[in-house]
Amino acid sequence: MGSFKLGKMTLSSLFKQPETILYPTVAKKAPAGLKGHIENDIGVCILCGICEKTCPAGALRVDKKENYWAIDRFRCVQCAACTRACPKACLAMRPSYMKPSASMSEDVFFKPAPSEDELAAKEARKAAKLEAAMKAKAARQEMQEG
Amino acid sequence: MSQHTVIPFGPQHPVLPEPLHLDLVVDDERVIEAVPQIGFIHRGLERMTQTHDYNQFIYIAERICGICAFGHSLGYAETIESLLGVEIPPRAEYLRVILHELSRMHSHILWLGLAADAFGHEALFMHCWRLRERILDVFEATTGGRVILSAVIVGGMVRDQDAAMLQMIKDTIVGIKDEYGQLVNTFVNDSSIRSRLDGIGYISKEDAMRYGMVGPFARASNVNNDVRCLGKGGYGKLSTFDPIMDTSGDCFGRAKVRALEVLQSADIIEEMIDTIPGGEVAIPVKHAPEPGAQACNTLEQPRGECYYYALSNGTKYLERMRMRTPTSVNLAGMAMALKGCDLADVNMIVLTIDPCISCTER
Ligand code: SF4
Ligand code: SF4
């Protein structure tokens, strides 16, 4: 027993680097695995709405007719459940700290209309699929007849 | 003839970390009786199992308490896994124990800081919370969150941790051990602290058993009800496990048990990291439980044994979910310990049960 048991540690603290940082002049380094905030690669998103159904906080809104995907960042609890549920893997959590927001609003992302090239590629893919299906059908019929 | 006065204490009070209300019946400076009252932060979280499916509820379960957040998501996931008859991969069990013990360390170090603050040792308070910050940084690097981790899912863990990450956890723990040792030495041997804690809020072993006390509060009165001894999940893989016990039954005993449990948790984590098996960390779980199926589970939270019960109705939404948290049991013991104490010691005694009222009320 005795007192001043913490003396050594307290004195040595005088000669150490401070443990705190001067926020906001100095920014904290975000670790690679940080669940920062949700980002959607809207070009890849097919607006299927699975993320909306998965979200426990009701932070997401997906409207296929109006062609948008929206997130209410004040509702989002950063659970990352939507990123795991997304069939196109277009949702990701960006490991960075966000600036404090000054207003409460929803972030709405409209899916861009597909370009000429993309439309053509889509048509080509569709045609190729159709052709393959027709061929397979013909082969099956031949087998049955033969 | 002496006259009794009733002093209302809390729910908003500078020395209380939690919204607990006490009606203190005092005679001069001595507390004759303490009548606890809760009900200020009931949020109806158990009811939300009926509006959120069992996968979504895990994120609500971890919001039951900010400090045992990981423990609640773990206890809930284990309950649902036994309801569904799912066995999780061994690596996930190890990772769960590692994170659970890390959260015990952070919870106890936080408590030690609060206790230091309560008996007026500001420097000790700062040093405790400084060390706790290292553990929060580990959480942030491994799971992406500092307090609410969202690391558990029904069927395993969200993320695997690679060898480098596990080594980082180990290095951090080894790194704080020396400084933490000095803090423990202060708690256990400093005469000014001892004069504030020794013999205050004494509870005998018999009373602790009679009032069904749990956690470090009971272990300080030499009652062993550490659920980790049952060896569930990853705890069954430990080579030895001896709960930390003390016979003094007073505030000092409770502080000492918690201070030493941090070192024990550090040892458990090191052993788990050394022996962790490889393989998957989660299995997909999609099916709904059988109608009428029931499951229960106990888990040693930082504050003591927590009990979980789930009843299924055959859908992905549970019929009923119930948790009995450690503080709801310990409040009776606390009211007992307050009888006959000095008014100035009330905050110290309330603090030594490590009350978590938001757990209790859910
Ligand atoms: S689940 Fe993925 S693809 Fe579907 S709407 Fe959400 S973000 Fe888009
Ligand atoms: S991270 Fe969780 S709360 Fe946030 S949008 Fe995704 S599912 Fe919803």
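Once a new chain begins, its residue numbering starts again from 1 and follows that chain's sequence as written. As they are written, the chains are lettered A onward and the ligands numbered 1 onward, keeping that order. Local features in this predicted model are restricted to residues of pLDDT 70 or higher, and side-chain atom pairs are both shown and tallied only at a pLDDT of 80 or more, whereas totals for entire chains, interfaces and linings draw on every residue. Only hydrogens and water are set aside when side-chain values are computed; all heavy atoms of the structure are taken into account.

Draft legend 1. How the structure looks around the site of ligand 1. Residues and elements named next belong to chain A. The cutoff for a nearby residue is simple: one of its non-hydrogen atoms must lie within 4 Å of the molecule or strand. Around ligand 1, 13 residues are found, and the nearest of them are Cys45, Cys48, Gly49, Cys51 and Cys86. Cavity membership is defined here by more than half of the atoms lying within 2 Å of grid points; on that basis ligand 1 lies in the largest cavity. For this classification, Asp, Glu, Lys and Arg are treated as charged, while Ala, Val, Leu, Ile, Met, Phe, Trp, Tyr, Cys and Pro are nonpolar and the rest, including Gly, are polar. Split by residue class, the shell around ligand 1 holds 10 nonpolar, two polar and one charged. Buried and open spaces are told apart on a 1 Å grid over the protein atoms alone, a cavity being a set of points where a 1.4 Å probe fits but cannot get out and a pocket being an open set with protein on both sides within 12 Å along at least five of seven lines. Residues with an atom within 4 Å of a point are the lining residues. To be counted as sitting in a cavity or pocket, a molecule needs more than half of its atoms within 2 Å of that site's grid points.

Draft legend 2. Spatial organisation of helix 9 (residues 251-275) of chain B. Starting at the N terminus, helices and strands are each numbered in turn, a helix being any DSSP run of H or I of at least four residues and a strand any DSSP run of E of at least two. A helix's residues, less one, multiplied by 1.5 Å, set its expected span. In this model helix 9 of chain B runs 36 Å from its N-terminal to its C-terminal C-alpha over 25 residues, within 8% of the 36 Å that 1.5 Å per residue would give. Burial status follows relative accessibility: with a 1.4 Å probe on protein chains alone, a residue under 20% of its type maximum counts as buried, one over 50% as exposed, and anything between as partly exposed. The element helix 9 of chain B is largely enclosed, with a buried count of 18 among its 25 residues.

Draft legend 3. The site of ligand 2, seen in detail. Surveying the vicinity of ligand 2 reveals the residues Ile38, Cys55, Pro56, Ala57, Leu60, Cys76, Val77, Gln78, Cys79, Ala80 and Cys82 of chain A. Considering only residue class, the shell around ligand 2 consists of 10 nonpolar, one polar and no charged.

Draft legend 4. A look at the pattern of salt bridges. Residue and element names in this part refer to chain B. Definition used for salt bridges: Asp or Glu carboxyl oxygen within 4 Å of a side-chain nitrogen of Lys or Arg. Under the counting rule described, the total for this entry stands at 36 salt bridges over all chains. Here Arg228 and Glu101 are joined by a salt bridge, their closest N and O atoms 3.3 Å apart. Here Arg228, found in the loop between helix 8 (215-219) and helix 9, pairs with Glu101, found in helix 3 (residues 90-118); they are 127 residues apart in sequence, far enough to count as distant. Neither residue differs from the other here; Arg228 and Glu101 are each classed as buried. In this structure, Arg219 and Glu300 form a salt bridge, with 3.0 Å as the shortest nitrogen-oxygen distance. Residue Arg219 is located in helix 8, and its partner Glu300 is located in strand 6 (residues 291-301); the two are separated by 81 residues in the primary sequence. The buried category is assigned to Arg219, whose relative accessible area is 0%. You can call Glu300 buried: its relative accessible area is 2%. One connected set of salt bridges, linked through shared partners, spans Glu101, Arg104, Arg219, Asp226, Arg228, Glu261 and Glu300.

Draft legend 5. A look at the sheet that holds strand 1 (residues 5-9) of chain B. All names here are of chain B. Spatial strand order, 1-2-3: three strands in an open sheet with antiparallel pairing. Edge positions in the open sheet fall to strand 1 and strand 3 (30-37), since each of these has one partner strand only. With strand direction ignored, the average angle separating the axes of adjacent strands in the sheet is 25°. One ladder, built from five bridges, connects strand 1 with strand 2 (residues 21-27); its direction is antiparallel. One bridge is not enough; two strands pair if DSSP finds at least two bridges between them. Note on geometry: axes are C-alpha line fits, over the in-contact stretch for helices, and angles between N-to-C directions span 0 to 180 degrees.

Draft legend 6. The confidence of the model for chain B, seen in detail. Overall, the predicted model of chain B reaches an average pLDDT of 87, with 99% of residues at or above 70. Across the whole predicted complex the pTM is 0.86, and at the interface the ipTM reaches 0.76. The quantity known as pLDDT measures the predictor's confidence residue by residue, on a range of 0 to 100.

Draft legend 7. Local environment of the packing of aromatic side chains. All names here are of chain A. Geometry of aromatic contacts follows a simple scheme: Phe, Tyr and Trp rings, the Trp one being its six-membered ring, pair when their centres are within 6.5 Å, and the pair is stacked under 30 degrees between planes, edge-to-face over 60, tilted otherwise. All told, the structure shown has five aromatic pairs over all chains when counted by the stated rule. Taking the centre distance of 5.6 Å and the plane angle of 70° together, the rings of Tyr68 and Phe110 count as edge-to-face. Highlighted residues: Tyr68 in strand 3 (residues 68-71) and Phe110 in strand 5 (residues 107-110), separated in sequence by 42 residues. Residue classification places Tyr68 among the buried residues on the basis of a relative accessible area of 11%. For Phe110, a relative accessible area of 54% puts it in the exposed group.

Draft legend 8. Looking closely at the sheet that holds strand 6 of chain B. All names here are of chain B. Spatially, the three strands line up as an open sheet ordered 6-7-8, and their pairing is antiparallel. Both outer strands of the open sheet, strand 6 and strand 8 (318-324), are each paired with one neighbouring strand and no more. Each strand of the sheet is rotated relative to its neighbour by a mean of 10°, with strand direction disregarded. By the bridge criterion, six bridges tie strand 7 (residues 304-313) to strand 8 in an arrangement that is antiparallel. Bridge pairing in strand 8 places Ser312 opposite Leu318. In what follows, a contact means two residues having at least one pair of non-hydrogen atoms within 4.5 Å. Here helix 2 (residues 69-84) sits on the sheet and contacts strand 6, strand 7 and strand 8; the angle it forms with strand 6, its principal contact strand, is near 145°.

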